[in-house]
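Descriptive structure summary
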Amino acid sequence: MADQLSRLFAALADPTRRDMVARLAVGDATVGQLAAPYDISKQAVSKHLRVLEDAGLVRRSREAQRRPVHLEANVFDLMTKWIARYQREAEERYRRLDAVLAAMNDTDSQQEGTAS
Amino acid sequence: MTTLSEATIEADPTLPIIRITRDFAAAPEQLFRAHTDSELFAQWVGPNGMGTRIEYWDARTGGSWRFVSERDGVLYGFHGCFHEVRPDRIVQTFTFDGDPDGVALETLSFEELADGRTRLRTQSLCDSFEGRDAWLASGMDVGVNEGYARLDAMVANGAI
């Protein structure tokens, strides 16, 4: 299962692919439209798309002539949720640390008071 | 410098690293103590609703540590070594009992900011992307996690 996840993260490790995903988040696009802003061949764009497709991030419709590329938003959401959850857990942990530090501040100032 | 009052998290795309940064209203020395004094550490490390029992703890360069977290009778053990312990930096290894061959290298730094605040940076270098991503996905604290279950379901029904 970790392999599936790794494929997702690896697919997004490339800046061009991240950019493509960001553009597909706005709406479907054809390979030609996706290739337009880059100084790379249509073949190279197709290769990037294949990586995104293998990771389950995008889907290409088989029927339509122009075969628009569609972002599988639910897969993308899943990753975002994982990161968000991990962030939330870190933040919860640090809120507990805040409380420990606040208690420490009280004790430290009391000790200073006694010493002086 | 902006204050990071909420933990920020970054999963490096090119290395199996997770970075977390957070600012605290405390001196670096206090943050250091909260990470090295086992009694203080046990008070904050466990996820909410989990009790933490320190089994051994020798917070000095070359020392080792082990603690066990418990929720609803299920135990989650973690252990590692303190590679380097000094006031501004702690370097340690980290292994979860559930993945005994996996080991992460954690580097913590305490950076003094203005107005009595301290920035804590933690960097966890995992030994594989699979390990890092599984760690991210699980939050490391729950046996069953809904993320994997959902992904399983998506693979099963052909969504992926």
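Cut-offs and rules
Residues numbered from 1 in each chain as written. Chains lettered and ligands numbered in written order. Predicted model: local features only at pLDDT ≥ 70, side-chain atom pairs only at ≥ 80, totals over all residues. Heavy atoms only, no water. Helix = DSSP H or I, 4+ residues; strand = E, 2+ residues; numbered from the N terminus. Buried < 20%, exposed > 50% of the residue type's maximum accessible area, 1.4 Å probe, protein only. Contact = heavy atoms within 4.5 Å. Areas by Shrake-Rupley, 256 points an atom, 1.4 Å probe, with all protein chains shown as cover. Pairing = 2+ DSSP bridges. Axes fitted to C-alpha atoms, helices over the stretch in contact; angles between N-to-C directions. pLDDT = per-residue confidence, 0-100.

Here we come to the overall build of chain A. In terms of helices and strands, chain A carries five helices and two strands. Counting from the amino terminus, helix and strand elements in chain A follow one another as α-α-α-α-β-β-α. Burial status across chain A gives 42% buried among its 116 residues. Of the contacts made within chain A by residues no fewer than 6 positions apart, 48% connect residues no fewer than 24 positions apart. Entry remark: accessible area of chain A is about 6400 Å², with carbon and sulfur atoms responsible for 51%.

This part covers the pairing of strand 2 (residues 17-24) of chain B. All names here are of chain B. The element strand 2 is extensively covered by neighbouring structure, given that seven of its eight residues are classed as buried. Pairing of strand 1 (residues 8-11) with strand 2, which is carried by four bridges, proceeds in the antiparallel orientation. The residue of strand 2 that forms the bridge with isoleucine 9 is isoleucine 20. Two successive antiparallel strands, strand 1 and strand 2, enclose a turn made up of five residues.

Take the sheet that holds strand 1 of chain B next. Residue and element names in this part refer to chain B. Read from one edge to the other, the open sheet built from eight strands follows the order 1-2-8-7-6-5-4-3, with strand pairing classed as antiparallel. Each edge of the open sheet carries a strand with a single partner, namely strand 1 and strand 3 (51-57). Strand-to-strand twist in this sheet, taken as the mean axis angle between neighbours without regard to direction, amounts to 20°. Sheet topology note: the strand 5 (residues 74-86)/strand 6 (residues 89-96) ladder contains six bridges and is antiparallel. Among the inter-strand pairings, valine 85 is bridged to a residue of strand 6, identified as isoleucine 90. Contacts between helix 1 (residues 28-36) and the sheet are confined to strand 2, strand 3, strand 5, strand 6, strand 7 (104-112) and strand 8 (118-125), with strand 7 contributing the most and set at about 155° to the helix.

All names here are of chain B. Within chain B, residue pLDDT values average 82, and 84% of them lie at 70 or more. pLDDT under 50 marks residues 139-156. Its contacts with residues more than four places away, or in other chains, come to 45 contacts. Across the predicted assembly, pTM comes out at 0.69 and ipTM at 0.75.

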